[in-house]
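Each chain is listed here by its residues.
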Amino acid sequence: MTDSAMNSAGRQSLYEFRDVGLTLGGKLILNGIEITVRKGEILCIVGASGCGKTTLLRLAGGLYRPSQGSVLFDGAPMTMPRQDVAIIFQDYGRALLPWRTATGNVALALEAAKVPAAERKGRIEASLAKVGLADHADKYPTEMSGGMQQRLQIARCLAQEPQALLMDEPFGALDAMTRQSLQDETLALHADSGATIIFVTHDLEEAIYLGDRVIGLLPHPGRVGIEIDVHLPRPRSQLATREEPEFLRLRRELFDFIEKSEGHR
Amino acid sequence: MSSDRLKGLILPALAVLAFEIWLRAFPIASDALAPPSAAVMALAQGLADGSVLLATRDTLLGAIIGLGIGSSIGLLLGVLTGLLPPLDRLLEVSIESIRPIPSVALLPIGLMVFGFGYALEFSIVAKTCLFATLILTRSAVRGVEPRLMEVARALRLSPFARVTKIVLPAALPQIFVAFRLAAGAALIVAVTVEITINPQGLGHAMMTAQQALRPDVMLGYLLWIGIVGFLWNAALLLAQRHLFGRAAVSEAMR
Amino acid sequence: MTPLAQISWRIASFAFAASLVVAWQLVANAQLISPIFLPGPDRAWAALVNGFTDRGLGGKLVGTLRHMTFGWLAASIAAIALGSLIGSSRRARIYVAPSLEFLRPLPVSAIIPVAIALYGLSEGMAIFVIAFGTLWPMLLATIQGYAGVEPRLLEVARALNLSRLETVTKISLPSAMPDILAGMRVSLTVALILSVVCEIVAGLDGLGQWILISARMFRSPDLFAGVILLGAVGYLAAAIIAEVERRLLAWRKTH
Ligand SMILES: Nc1ncnc2c1ncn2[C@@H]1O[C@H](COP(=O)(O)OP(=O)(O)OP(=O)(O)O)[C@@H](O)[C@H]1O
Ligand SMILES: [Mg+2]
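What you see is a predicted model; the values in this text were computed from it and never measured. (Residues numbered from 1 in each chain as written. Chains lettered and ligands numbered in written order. Predicted model: local features only at pLDDT ≥ 70, side-chain atom pairs only at ≥ 80, totals over all residues. Heavy atoms only, no water.)

1. Digging into a nonpolar patch on the surface
Next, step 1: Judged by side-chain polarity, V40, L223, I227, F230 and L231 of chain B together with F102 and L103 of chain C come together as a nonpolar surface patch covering roughly 560 Å² of accessible area.
Next, step 2: Counting only elements with at least two residues in the nonpolar patch, the list comes to helix 10 (215-253) of chain B together with helix 4 (90-103) of chain C.
Next, step 3: It is helix 10 of chain B that contributes the most residues to the nonpolar patch, four residues altogether.
Next, step 4: With respect to the helices, strands and loops of the structure, I227 of chain B is situated in helix 10. (Patch = residues over 30% accessible without salt bridge, like charges linked within 9 Å, V, L, I, M, F, W, Y side chains within 5 Å. Areas by Shrake-Rupley, 256 points an atom, 1.4 Å probe, with all protein chains shown as cover. Salt bridge = Lys/Arg side-chain N within 4 Å of Asp/Glu carboxyl O. Helix = DSSP H or I, 4+ residues; strand = E, 2+ residues; numbered from the N terminus.)

The following block contains the structure:
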């Protein structure tokens, strides 16, 4: 852990969690969190259910303020949500406006950012195209499949042109096929935009497949239990990457960690 | 939670207090209005000499008997149209052309036919309750879980047994909701009929007090009508919870 | 059901209603019920036409429509504005909602004597009664609509840094719209009933007064003409607001 804004890889850090603790309803949920997120990396967070992953992400999004320590974004404390930090919720069905079409839902982000009306159309089309919804611009969320709804939420977040994307188990509720294609689309979007991604997931393989690093949390209270670097070559591929010995080794390591942490209770 | 309930009382308490102070400080408007304390006094006196209770009896009688007549016809028609789609389609135009007639519009007809009195009130209350019960019962019967109907068929129940053993028990909680809503409307309509034309009951007593320039008595009756309405609805809700509490819970677990 | 079967059923349904009218005519012709009470549909229809051409029934209709829409519109605007203020704050809801819940089941017509005491037998009295009587249910519906806004959407609003006003106009109000419109639909029926009652009680220009006078003078064809007209008003009012609901809430049906 270094105090400087530079890390060992020589890239600047975007987020710094410094000894962060959070108490909610009189209960200590997170304690002593020290995490540095580098600019442009994909950091995955795993951990048993209820260990505080969502809470950590909400701190990063400025939806909660730490009761102890500080969350720094670009060197300044994160006190409220920012235009250039986008949050993708797991329950996409509830996070979309059912009375607006796909276009309207993406427009919301631009309206919030006070983008002039003349500029909006092009940016909406671009965002929808990036997630493959160009042909569904006039559909209402209820007319879309789960995968399309989650793509729409991602499109709305992309329209914010965020520096950081915070994703909370975004693909947890989708079927295996859809999940794999969205994973690859996420990687492509990341390569394309260079945004920093914090990705919370239950799925250990997903974490390794996507991440540059994976952090495992221990429960009660939530704290960092393991931190591993993923040295798998990019671009990654669903078949080849998942068969690499390094992939299998990391999977084993994380699996043992989770099993041990569940025994902790 | 109970502190939330107390908070709900603050606003009405303040309103009553402000009203009281305002009317005590400026007694000019006293022909039309009276301070809450005077209304409470008038109500207490009316309760003591029995006049309020007599009027209450008339109003409740009008509401209950009208409700009884209207909701039984509505229940019967609702179950029939719910069970037999062809019948429902056949009656649709007739029902939908009578239903939107506001029940008070039938007052003058009732007046010509029955004259003043109970029968007038029964008929108007019954019209309201009939349609309220009919519509909701029909949708309750139609909403019976199709799986249950399949079970009935698999068990080779007779049509009669299907209705008595499956449809009615399954739709009963919803039918009671229909009844409760109709009952709420019954009291409202009874009071309305009395205020409009019929010289009996609480509504008429209130009108008489207004004409006699006794705002305290009038507001006392208003308060009493509020209390009766509240108790009437509370009793119905209680009955619903008591009768169907368990059914409702198992409904939610499914 | 095939479209053909649907149309056939519609026709059958109309035929059944027509046969009821015919039965009514036969009963009236046979004088099973004294014609003083029961005119045949032919006489009722004639009275309706005649009423419009030279007895000023149209004016009465306009009177009723005026009372009902003025009072209802005033109450709608007040309910949406006030309801949005109260509804968008959880704290305000806790203080106000119980009072409204208490007021809801009460017979609103009981306010009529009070309104007469305050305003006399005037048109202002009628509009006050209608506005007062329809305000509470709509206010309650609006507040409930706001209380039911998906919390996740409010979080989206926070994450996007929407201002409070934007959150209301873009998130909460559209989300509460189904409840608000349902409240407005119920209230419109109440408004019609209260108009008729006020017109009867205060002798105001309107259909309520028309039917009462017809009954008092035992002119049953006129009476039935008025009742039929009131049924038509009730039907059209419900149809119009149902259409508005269908248009505004089109997003809800698509599935
Ligand atoms: N507002 C709150 N008040 C009190 N406790 C809370 C609150 N929000 C979350 N918690 C508690 O904090 C703990 C962590 O919750 P969190 O939602 O962050 O877990 P999670 O790791 O995301 O779990 P999952 O994998 O099931 O999504 C849980 O025990 C939860 O009960
Ligand atoms: Mg979570």
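2. Considering the site of ligand 1
Residues and elements named next belong to chain A.
Next, step 1: Every one of the 13 residues lining ligand 1 counts as a neighbour, but S49, G50, K53, T54 and T55 are closest to it.
Next, step 2: Here an oxygen atom of ligand 1 sits 2.6 Å away from a polar atom, N or O, in the side chain of S49.
Next, step 3: The separation between an oxygen atom of ligand 1 and a polar side-chain atom of T55 is 2.5 Å.
Next, step 4: Taken together, the elements giving at least two residues each to the shell around ligand 1 come down to strand 2 (27-38) and helix 1 (53-61).
Next, step 5: For the shell around ligand 1, the element with the most residues is helix 1, which contributes three residues.
Next, step 6: Residues of the shell around ligand 1, tallied by class, amount to four nonpolar, six polar and three charged. (Near = heavy atom within 4 Å. Polar contact = N/O pair within 3.5 Å; in protein donor to acceptor, adjacent residues only side chain to side chain. Nonpolar A, V, L, I, M, F, W, Y, C, P; charged D, E, K, R; others polar.)

3. Considerations on unusual backbone geometry
Next, step 1: Cis geometry is found at the peptide bond from H220 of chain A to P221 of chain A, where omega equals -10°.
Next, step 2: Mapped onto the fold, P221 of chain A is located in the loop between strand 9 (213-218) and strand 10 (223-229).
Next, step 3: A cis geometry characterises the amide bond from R234 of chain A onward to P235 of chain A, with omega recorded as -5°.
Next, step 4: By the element assignment, P235 of chain A lies in the loop between strand 10 and helix 8 (240-243).
Next, step 5: In the Ramachandran plot, L213 of chain B falls in the positive-phi region, its phi being about 55° despite a non-glycine side chain.
Next, step 6: With respect to the secondary-structure elements, L213 of chain B resides in the loop between helix 9 (201-211) and helix 10.

4. Structural notes on the interface of chain B and chain C
Next, step 1: Across the boundary between the two partners, chain B contributes 43 residues, which contact 46 residues of chain C.
Next, step 2: With both sides pooled, the region where chain B packs onto chain C buries about 4,100 Å², and carbon together with sulfur makes up 81% of that total.
Next, step 3: Of all residues in chain B, R89, V93 and M112 of chain B bury the most surface against chain C, accounting for 16% of the area lost on that side.
Next, step 4: Along the contact surface separating chain B from chain C lie one salt bridge.
Next, step 5: Across the pair R10 of chain C and E92 of chain B runs a salt bridge, and its minimum N-O distance is 3.3 Å.
Next, step 6: Mapped by element, the contributors of at least two residues to the side of chain B that touches chain C are helix 1 (2-25), helix 4 (85-98), helix 5 (107-114), helix 8 (159-196), helix 9 and helix 10 of chain B.
Next, step 7: Its residues placed into classes, the side of chain B that touches chain C shows 30 nonpolar, eight polar and five charged. (Contact = heavy atoms within 4.5 Å. Buried area = accessible area lost by both parts, 1.4 Å probe.)

5. Structural notes on the pattern of salt bridges
Next, step 1: Under the criterion given, the structure shown has 38 salt bridges over all chains.
Next, step 2: With a closest N to O distance of 3.0 Å, R138 of chain B and D88 of chain B form a salt bridge. Remark: D88 of chain B occurs in helix 4 and R138 of chain B occurs in helix 6 (residues 118-142); sequence separation between them is 50 residues. D88 of chain B shares its class with R138 of chain B; the two are buried.
Next, step 3: For R152 of chain C, the salt bridge goes to E155 of chain C, with nearest N and O atoms at 2.7 Å. (Buried < 20%, exposed > 50% of the residue type's maximum accessible area, 1.4 Å probe, protein only.)

6. So, the pairing of strand 1 (residues 13-24) of chain A
Residues and elements named next belong to chain A.
Next, step 1: With eight bridges joining them, strand 1 and strand 2 adopt antiparallel strand pairing. Following the sheet pairing, F17 is matched in strand 2 by I35.
Next, step 2: Between strand 1 and the antiparallel strand that follows it, strand 2, lie two residues; G25 among them carries a positive phi value of about 55°.
Next, step 3: With five bridges connecting them, strand 1 and strand 4 (residues 68-73) associate as antiparallel partners. Bridge pairing links E16 to L72 in strand 4. (Pairing = 2+ DSSP bridges.)

7. Brief notes about the confidence of the model for chain C
When pLDDT is low, close inspection of the predicted coordinates is not appropriate.
Next, step 1: Looking at chain C as a whole, its pLDDT mean stands at 90, while 99% of the residues score no less than 70.
Next, step 2: With pTM at 0.85, the complex prediction returns an ipTM value of 0.86. (pLDDT = per-residue confidence, 0-100.)

8. Some details on the side chain of R180 of chain B
Next, step 1: Its location among the elements puts R180 of chain B in helix 8.
Next, step 2: Buried charge without a partner: R180 of chain B forms no salt bridge, and the closest opposite charge is E101 of chain C, 9.0 Å away.
Next, step 3: Contact partners of R180 of chain B, with chain neighbours within four places excluded, come to L236, L237 and Q240 of chain B. (Lys, Arg positive; Asp, Glu negative; His and termini not counted.)

9. Some words on the nonpolar core
Next, step 1: Of all hydrophobic cores here, the largest spans 200 residues; its most connected members are Y15, F17, L128 and I154 of chain A.
Next, step 2: Among the elements that take part in this core, helix 8 (residues 164-202) of chain C stands out by supplying 16 residues, more than any other.
Next, step 3: The contacts of I154 of chain A, once residues within four sequence positions are left out, are I88, V131, M167, F171, L182 and L189 of chain A.
Next, step 4: Counting seven residues, the second largest nonpolar core, distinct from the first, contains V79, A140, V144 and I175 of chain B. (Core = buried A, V, L, I, M, F, W, Y, C linked by side-chain atoms within 4.5 Å.)

10. Section: the environment of P233 of chain A
Residue and element names in this part refer to chain A.
Next, step 1: Along the polypeptide, P233 turns up in the loop between strand 10 and helix 8.
Next, step 2: By relative accessible area, P233 is classed as partly exposed at 48%.
Next, step 3: Separated by 152 residues in sequence, P233 and P81 have C-alpha atoms that sit 34 Å apart.

11. Comments concerning the domain arrangement of chain C
Residues and elements named next belong to chain C.
Next, step 1: For chain C, the domain assignment lists domain 1 (1-32) and domain 2 (39-254).
Next, step 2: Centre-to-centre, using C-alpha coordinates, domain 1 lies 32 Å away from domain 2.
Next, step 3: Listed by partner, the interface residues are four residues for domain 1 and five residues for domain 2.
Next, step 4: The contact between domain 1 and domain 2 buries some 410 Å² in all, and 70% of this surface belongs to carbon and sulfur atoms.
Next, step 5: Our enumeration of links across domain 1 and domain 2 arrives at two residue pairs in polar contact (both at pLDDT 80 or more).
Next, step 6: Considered class by class, the residues forming the side of domain 1 that touches domain 2 number three nonpolar, one polar and no charged. (Domains from an automatic or database assignment.)

12. So, the sheet that holds strand 8 (residues 196-200) of chain A
All names here are of chain A.
Next, step 1: One open sheet holds the six strands; their spatial order is 6-7-8-3-9-10, and the pairing between them is mixed. In this open sheet, the two strands that pair with only one neighbour each are strand 6 (85-88) and strand 10. Sheet twist, expressed as the average angle between the axes of neighbouring strands with direction ignored, equals 15°.
Next, step 2: For strand 6 and strand 7 (residues 164-168), the ladder comprises four bridges, and the chain directions are parallel. For I87, the partnering residue across the bridge sits in strand 7 and is L166.
Next, step 3: Here helix 1 sits on the sheet in contact with strand 3 (42-47), strand 6, strand 7, strand 8 and strand 9, set at roughly 155° to strand 7. (Axes fitted to C-alpha atoms, helices over the stretch in contact; angles between N-to-C directions.)

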